[in-house]
Amino acid sequence: MAESTAADKPEEACGVFGVYAPEEDVAKLTYFGLYALQHRGQESAGIATFDGNRVHLHKEMGLVSQVFSENILGTLTGTMAIGHTRYSTTGSSRVVNAQPAVVETRLGYLALAHNGNLVNAPDLRDDLLKSNFTLLTTTDSEMIALAIAEEVNNGKGWLEGAISAFHRCQGAFSLTIGTPSGLMGVRDPNGIRPLVIGTLPQANPTDPLRYVLASETCALDIISADYVRDVEPGELVWITEEGLASFHWTQETKPKLCIFEMIYFARPDSTMQQESLYSYRMRIGRRLAIEAPTDADIVIAVPDSGIPAAIGYSQASGIPYAEGLIKNRYVGRTFIQPTQTMRESGIKMKLNPLKDVLTGKRVIIVDDSIVRGTTSRKIVKALRDAGATEVHMRVSSPPVTHPCFYGIDTDNQDQLIGATKTVAEIAAQIGVDSLSYLTWEGMLEETRSDPNNFCSACFTGDYPVPVPEPVKRTKLRLETVATLETVTTG
């Protein structure tokens, strides 16, 4: 039976960007912002600019650097821009589903970029179809844009119409929205996905502030924008020539930032919870060394996401850190099948072991997560083939036992190794001498924030936004089976 080609990591969320800066080259600023957010999605990229009532749009499949050129950026003129880099979670990987989504309303065009996932997308789609809207894509992002259009077409202004539409949306949504009148940044009531506000440098102190919105602070850094603050859960910021205005579009807020943003998704140089994620990831590595010590000669990481935690583990344990795997950072999608020999070598297109570092060594290898276990097994075999005498794996998060419904593409539950096997069984399957995970308590305590302010549903099954049963059944197969068995035997 052929081995699944599904990714062995939760796939990234999307990256969103927005800028209001009438005197600047907004398309180029957005290009570089998306370039910094490329890790959040590598399938497609797009930019929409507003020049008065006119909208210029370019979006294609591919990386940011492949989709845009100087000539294309030169056609995207205007005073504000919306940008998006995408990994598909709702809607297939096709150019029609690339964002920003652009729709026409009675007040002019609307461009929307979305990070997250709606759990009530089927119901919202039915409502829009009943209102005679034609859906051009299969994304929930287009549905949010059309819901705003419907409210505006019924006589409401941009702000009132948008707020009415957001009350129709359930799930995770961090949005940048462009209109002829101004730029919006929005987060859902739980703030599951991040969104930050920055300001561009002022040539003169008397110049008006020009604002930037982005999924992460690393996108502000690349264009020398200053971080101001996060958009709060349940907040809408409205940016115009008058400056920035804030509206709390719902009072029913309960912060639940995705903990996987802290562990893995966001770049380590991005700031969350008032510190760089590099600092947090080193701290959970130190905690992991305290919770799961073992004797070894060196500590190595699965690059790049495991490196900060591995350094932290090394510091706390006193075991030297070394580079044992070299990553080929230029591996993208290829449709050319490798030879049988290359397939048997497994991992080496992406990761190549350093034999002279590993030979004769007892090795601790640190990774941020194990989802299906297939990649971990290949890495462990490669380390042993390179001469490692013992391989001990340490994981800087708890076992992933539940799928995400809020914008992260995870397998169905029966494909998650942490949901179907014990730690001992996982260790045997991936071929390590020992395996330990960070505890759930340790992961949250090391945030140094209120542990109730994070969504950790992928580790617990405690979903902060109720997921409708038909949507749940698409991924929670083990719970469905358990429920059926209970009904049958009860």
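This text goes with the structure placed above it.
Numbering of residues begins from 1 in every chain and follows the order in which that chain's sequence is written. It should be noted that, the model being predicted, local features are given only for residues of pLDDT at least 70 and side-chain atom pairs only at 80 or more, the latter also being counted only at that level, while totals for whole chains, interfaces and linings use all residues. Derived side-chain values reflect all non-hydrogen atoms in the structure, with water molecules and hydrogen atoms excluded from consideration.

Draft legend 1. Focus on unusual backbone geometry. Cis geometry is adopted by the peptide bond preceding Pro100, which originates at Gln99 and carries an omega value of 10°. Relative to the elements of secondary structure, Pro100 occurs in the loop between strand 4 (80-86) and strand 5 (101-105). Each neighbour pair has its own omega, and for Pro303 with Asp304 the value is -5°, a cis peptide bond. Tracing the chain through its elements places Asp304 in the loop between strand 17 (298-301) and helix 10 (307-317). Strands are runs of DSSP state E lasting at least two residues, helices are runs of H or I lasting at least four, and both sets are numbered from the N terminus onward.

Draft legend 2. View of the packing of aromatic side chains. Whether two aromatic rings pair depends on their centres lying within 6.5 Å, for rings of Phe, Tyr and Trp, where Trp uses its six-membered ring; planes under 30 degrees apart make the pair stacked, over 60 edge-to-face, and the rest tilted. Tallied over the entire structure, the rule returns twelve aromatic pairs. Aromatic rings pair up to connect Tyr31, Phe32, Tyr35 and Phe68 into one cluster.

Draft legend 3. Spotlight on the sheet that holds strand 22 (residues 434-437). We treat two strands as partners when DSSP finds at least two bridges between them. If you walk across this open sheet you meet the four strands as 17-20-21-22, and the pairing is parallel. Single-partner strands in this sheet number two, and they are strand 17 and strand 22. With strand direction ignored, the average angle separating the axes of adjacent strands in the sheet is 20°. Two elements, strand 21 (residues 390-395) and strand 22, share four bridges in a ladder whose sense is parallel. Residue pairing across strands places Arg394 opposite Ser436, the latter belonging to strand 22. We call two residues in contact whenever any of their non-hydrogen atoms come within 4.5 Å of each other. Only C-alpha atoms enter the line fits that serve as axes; for helices the fit covers just the stretch in contact. Angles between N-to-C directions range over 0 to 180 degrees. Helix 10 contacts strand 17, strand 20 (362-367) and strand 21 of the sheet and is inclined by roughly 165° relative to strand 17. Lying over the sheet, helix 13 (residues 374-385) contacts strand 17, strand 20 and strand 21, oriented at roughly 145° with respect to strand 21.

Draft legend 4. Seen up close, helix 15 (residues 423-430). Looking only at helix 15, the buried set comprises Ile426, Ala427 and Ile430. Take helix 15 and look down its axis: the buried residues cluster within an arc of 100°, on one side only. Looking at helix 15, the residues exposed on the side facing more than 90 degrees away from the buried face are Ala424 and Ala428. Buried-residue contacts for helix 15 involve helix 13, strand 21, helix 14 (417-420) and strand 22. At the C-terminal side of helix 15, Gly431 shows a positive phi close to 85°. Summary of the burial criterion: residues with accessible area below 20% of their type's maximum are buried, those above 50% are exposed, and those between are partly exposed, where the area comes from a 1.4 Å probe applied to protein chains only. This arc describes the spread of directions from the helix axis toward the C-beta atoms.

Draft legend 5. Region of the structure containing the pattern of salt bridges. Counted as salt bridges are all cases of a side-chain nitrogen of Lys or Arg within 4 Å of a carboxyl oxygen of Asp or Glu. In this structure the tally under the stated criterion is 22 salt bridges. For Glu241, the salt bridge is made with Arg210, and the minimal N-O distance between the two is 3.3 Å. Remark: Arg210 occurs in the loop between strand 9 (196-199) and strand 10 (211-214) and Glu241 occurs in the loop between strand 12 (235-240) and strand 13 (243-248); sequence separation between them is 31 residues. Of the residues examined, Glu241 reaches a relative accessible area of 44% and is grouped as partly exposed. Lys472 is the partner of Glu469 in a salt bridge, and the nearest nitrogen-oxygen pair spans 4.0 Å. One end of the pair is Glu469 and the other is Lys472, both in helix 18 (residues 469-473) and three residues apart, which spans about a single turn. For Glu469, a relative accessible area of 44% corresponds to the partly exposed category. If you follow the salt bridges from partner to partner, you end up with Glu275, Arg283, Arg287, Glu291, Glu445 and Glu446 in one network.

Draft legend 6. Main features of a nonpolar patch on the surface. Here, patches come from residues exposed beyond 30% relative accessible area and free of salt bridges, joined within 9 Å for like charges and within 5 Å for nonpolar side chains (Val, Leu, Ile, Met, Phe, Trp, Tyr). For the accessible areas, the method is Shrake-Rupley and the probe is 1.4 Å, while residue cover comes only from the protein chains on display. Together, Met61, Val95, Val96 and Leu136 make up an exposed nonpolar region whose accessible area comes to about 330 Å². Summarising the element assignment, Val95 is placed in the loop between strand 4 and strand 5.

Draft legend 7. Molecular detail of the state of the cysteines. Two cysteine sulfur atoms form a disulfide, by the criterion used here, when they sit within 2.5 Å. Inspection of the entire model under this criterion finds zero disulfides. Not part of a disulfide, Cys455 finds its nearest cysteine sulfur in Cys258, a span of 6.2 Å. Here Cys458 stays unpaired: no disulfide links it, and the sulfur of Cys258, its closest cysteine neighbor, is 6.2 Å away.

Draft legend 8. Expanded view of the side chain of Asp188. Residue position: Asp188 is located in the loop between strand 8 (182-187) and strand 9. In this charge count, Lys and Arg are treated as positive and Asp and Glu as negative; neither His nor the chain ends contribute. One buried charged residue, Asp188, forms no salt bridge at all, with the nearest opposite charge on Arg187 at 6.1 Å. For Asp188, the residues in contact, after removing those within four places along its chain, are Gly171, Ala172, Phe173, Arg193, Pro233, Gly234 and Trp249.

Draft legend 9. Highlighting the environment of Ser246. Assignment of secondary structure puts Ser246 in strand 13. On the basis of relative accessible area, Ser246 is assigned to the partly exposed category, the value being 36%. C-alpha separation for the pair Ser246 and Ile417, spaced 171 residues apart in sequence, amounts to 44 Å. A 3.5 Å cut-off defines polar contacts: any pair of N or O atoms within that distance qualifies, except that in protein one atom must be a possible hydrogen donor and the other a possible acceptor, and neighbouring residues in sequence count only when both atoms are side-chain atoms. At 2.5 Å, the side chain of Ser246 forms a polar contact with the side chain of Glu235.

Draft legend 10. Spotlight on the packing of helix 4 (residues 121-130) against helix 5 (residues 140-153). Contact geometry for helix 4 and helix 5: axes closest at 10 Å, N-to-C directions at 45°. If you check the angle between helix 4 and helix 5, you find them oblique. The crossing of helix 4 and helix 5 is left-handed. Every residue of helix 5 that contacts helix 4 at Ala121, Leu124, Arg125 and Leu128 is listed here: Asp140, Met143, Leu146, Ala147 and Glu150. When residues are grouped by polarity, Ala, Val, Leu, Ile, Met, Phe, Trp, Tyr, Cys and Pro land in nonpolar, Asp, Glu, Lys and Arg in charged, and all others, Gly among them, in polar. A breakdown of the residues in the contact of helix 4 with helix 5 according to their chemical character gives six nonpolar, no polar and three charged. Should an angle lie under 35 degrees it is considered roughly parallel, over 145 roughly antiparallel, and from 65 to 115 roughly perpendicular; all remaining angles are considered oblique. For any helix crossing, the convention is left-handed if the near helix is rotated counterclockwise from the far helix by under a right angle, and right-handed if that rotation is clockwise.

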